[in-house]
Amino acid sequence: MTDETPRFRLGFLTHVQGRGGDLARTYRDAQELFDVGWVAQHHVAQGGGGLSSPWPFLAHAAARTTRIRLGTAITILPLEDPVRLAEDVATVDLLSGGRVEIGVGSGAAAPEYAALGKDFDRRRELTSANLQVLRTALANEEVGAPGFRIQPAAVGFGDRIWQGVFSGSGAAYAAARGSNLLLNRAAYGFDAPTDEVQRPWADAYLAAWDQPRRPRIGLSRFIFPAKDKRTALRQIGDDVHRAALRMAESGSFPKGLGMEEALRRFHSFHGAPEEIVTALRQEKVLPVATDLITQFNPAVPDHDAAIRALELIATEVAPALGWKPRAAPHPTAEPATEPAGA
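Residues numbered from 1 in each chain as written. Predicted model: local features only at pLDDT ≥ 70, side-chain atom pairs only at ≥ 80, totals over all residues. Heavy atoms only, no water.

Taking 1.5 Å as the rise per residue, helix 3 (residues 82-96) with 15 residues should run 21 Å; its terminal C-alpha atoms sit 21 Å apart, in good agreement. Within helix 3 the residues assigned to the buried category are P82, V83, L85, A86, E87, V89, A90, V92, D93 and S96. Packing partners of the buried residues in helix 3 comprise helix 2 (54-64), strand 3 (70-76), strand 4 (100-105) and helix 5 (123-138). The opening residue of helix 3 is D81, an N-cap whose side-chain oxygen sits 2.9 Å from the backbone nitrogen of V83. Positioned one or two residues after helix 3, G97 has a phi angle of 75 degrees, which is positive. (Helix = DSSP H or I, 4+ residues; strand = E, 2+ residues; numbered from the N terminus. Expected span 1.5 Å × (residues − 1). Buried < 20%, exposed > 50% of the residue type's maximum accessible area, 1.4 Å probe, protein only. Contact = heavy atoms within 4.5 Å. Polar contact = N/O pair within 3.5 Å; in protein donor to acceptor, adjacent residues only side chain to side chain.)

Have a look at this one:
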């Protein structure tokens with residue numbers, strides 16, 4: 001790779017959560033943070049709410065930005081009509097000038113499936129079937145009915161479809177179908193550290209990759225820099241602990257976890273920037289990642305603290321790991337807080 005190309009792309013994933021009942025303010029606040037890249041889809045509120053309709057949100061983001069990429073991590077594919085989804089994706093991509101990335105997965109919330117009339121036990125089967133239809137539609141091939149193709153026509157989605165997986169076999173399956181790989185911030189149901197669990201998944205993906213283009217691995221990680229660890233914990237600690245206790249109710253985490261173990265289970269990197277850099281240099285999956293996708297979820301920090309954390313990620317943490325923005329922003333262009341260099 002040349003000096004002009006960053007070792008990895010840097011993004012930020014927001015679950016569009018906020019405190020209190022003012023969802024309009026939550027959405028506005030997330031938009032201010034949004035020049036970082038990705039949004040997650042949730043139909044059931046988790047702690048601070050969430051975003052059920054990512055594509056209208058991304059269309060709005062497209063109008064407010066000019067050069068960052070806009071994506072989902074993830075869209076819950078079994079709960080979507082894949083042809084209609086392809087139409088939305090193609091429309092937002094056209095409006096944004098070709099800046100869309102779509103990540104898909106099966107989701108993990110049974111109430112969402114019940115609410116939308118889908119069989120939760122068939123989620124993996126439905127994901128595979130709908131992904132094939134989505135790919136066909138975004139390739140501008142006939143889909144759904146004789147002679148039918150989506151409009152507007154999609155352009156260049158062969159390398160912009162991502163798939164979230166939770167196993168080595170899932171990773172190999174994604175590679176065999178030419179999907180980019182999305183790895184979650186934490187590996188649930190395992191006692192070992194997340195990166196030790198996920199590195200074999202990444203290796204299985206790379207071993208199965210047989211496409212002519214470079215394989216892409218998006219690594220989501222919970223990263224929250226602050227003045228020091230005590231300041232960071234004041235912003236994120238209680239939220240993470242509560243989330244871990246909720247996860248324990250579903251069996252994903254053991255019951256009775258304390259805060260420190262909850263932070264470990266969520267594979268959290270928090271504290272002063274130099275502490276986070278040191279920890280990330282030991283991260284086992286990061287060396288093979290092409291995209292580092294930072295997030296604060298399950299914490300919902302104050303808006304000002306979140307903005308400051310983003311600034312620290314973009315100016316201190318990521319550069320120390322080898323990331324560089326593609327170009328210095330023009331004085332009249334978008335704010336310099338934009339971490340996503342795409």
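Across the interface, helix 2 lies against helix 3 with an axial gap of 9 Å and an inter-helix angle of 10 degrees. Looking at the two axes, helix 2 sits roughly parallel to helix 3. In this structure, helix 2 contributes W55, L58, A59 and A62 to the contact, and helix 3 contributes L85, D88, V89, V92, L95 and S96. For the contact of helix 2 with helix 3, the per-class residue count stands at eight nonpolar, one polar and one charged. (Axes fitted to C-alpha atoms, helices over the stretch in contact; angles between N-to-C directions. Parallel < 35°, antiparallel > 145°, perpendicular 65-115°, else oblique. Nonpolar A, V, L, I, M, F, W, Y, C, P; charged D, E, K, R; others polar.)

This next bit is on the pattern of salt bridges. Pairing is possible between side chains of opposite charge, provided their charged atoms come close. Applying the stated criterion across every chain yields a total of 15 salt bridges. For the salt bridge of D203 with R199, the shortest nitrogen-to-oxygen distance reads 2.9 Å. Within this pair, D203 and its partner R199 are both found in helix 7 (residues 194-208), separated by four residues, close to a single helical turn. Between D239 and R242 there is a salt bridge whose closest N-O contact spans 2.6 Å. Taken as a pair, D239 and R242 lie in helix 8 (residues 229-249) at a separation of three residues, close to a single helical turn. On the basis of relative accessibility, which here comes to 7%, the residue D239 falls in the buried class. A single network of salt bridges, built from pairs that share partners, joins R9, R69, E101, R216 and D291. (Salt bridge = Lys/Arg side-chain N within 4 Å of Asp/Glu carboxyl O.)

Right, let's talk about the side chain of T294 for a bit. For T294, the location among the structural elements is in strand 9 (residues 291-295). Apart from residues no more than four positions distant in its own chain, T294 is found in contact with L10, G11, F12, L13, R221, I223 and I313.

Next up on the list: the environment of R84. By the element assignment, R84 lies in helix 3. Residue R84 is classed as partly exposed on the basis of its relative accessible area, which comes to 42%. In sequence terms R84 and I150 are 66 residues apart; their C-alpha atoms lie 8.5 Å from each other. There is a polar contact of 3.0 Å between the side chain of R84 and the side chain of E87.

Below, the discussion takes up the packing of aromatic side chains. Working definition: an aromatic ring pair is given by the centre-to-centre distance plus the angle between the planes. Applying the stated rule across the entire model yields nine aromatic pairs. Seen from the ring of F120, R123 lies directly overhead, with NZ or CZ sitting 4.0 Å from the centre. R177 extends its terminal NZ or CZ atom over the ring of Y173, reaching a point 3.6 Å from the ring centre. (Phe/Tyr/Trp six-rings, centres within 6.5 Å; stacked < 30°, edge-to-face > 60°. Lys NZ or Arg CZ within 6 Å of the ring centre and 35° of its normal.)

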